[in-house]
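# Structural overview
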Amino acid sequence: AQTAIPAGKYKVTVEYRGGHFNRKVPVVNNVPYFTGILIHNGTTEKSSAGCIIVGKKLKDGQLDGKTTRQISDKLTEKLLQAQNAGKELSIKIVSL
């Protein structure tokens, strides 16, 4: 069964996550019926486990594994700077 984050605007916070990540990552908060939705690097749907993965698309829905971590780290850094400056972070999810 496929799942998707319902369309809407959601608060994002940057938080430390241990285990597999062991670093700060953006967290999408207050998503109905879901918890633990992160924004992180990955290459395919299998890497996402329901999270949002970021990177440069190559082909067949796959992301470039060589740059996806760099892109994810840059995004996290920018979001963390904004959060530390007291700005509210959010993400808008749209239905296609």
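All of the points below concern the structure found in this document. (Residues numbered from 1 in each chain as written. Predicted model: local features only at pLDDT ≥ 70, side-chain atom pairs only at ≥ 80, totals over all residues. Heavy atoms only, no water.)

## Quick notes on the pairing of strand E1 (residues 8-17)
The criterion, for reference: For two strands to count as paired, DSSP must find a minimum of two bridges between them. In DSSP terms, a helix is any run of H or I states spanning at least four residues, a strand is any run of E spanning at least two, and both are numbered starting from the N terminus.
Sheet topology places E1 next to strand E7 (residues 89-93); 5 bridges connect them, and they run antiparallel. Bridge pairing in E7 links Lys9 to Lys92. Strand direction decides the pairing type here: E1 and strand E2 (residues 23-28), joined by 6 bridges, are antiparallel. Within the sheet, the bridge partner assigned to Val14 lies in E2 and is Pro26. Hairpin connection of E1 to E2: 5 residues between the antiparallel strands, including Gly19 at a positive phi of 65 degrees.

## Observations concerning the side chain of Arg23
Put simply, the rule is: Here the term buried applies to any residue with accessible area under 20% of the maximum for its type, exposed to any over 50%, and partly exposed to those in between, with areas from a 1.4 Å probe on protein chains only. By definition, residues are in contact when any of their heavy atoms lie within 4.5 Å.
Along the chain, the position of Arg23 falls in strand E2. With a relative accessible area of 15%, Arg23 lands in the buried category. Aside from chain neighbours lying at most four places away, what touches Arg23 is Glu15, Tyr16, Arg17, His40, Asn41, Arg69 and Asp73.

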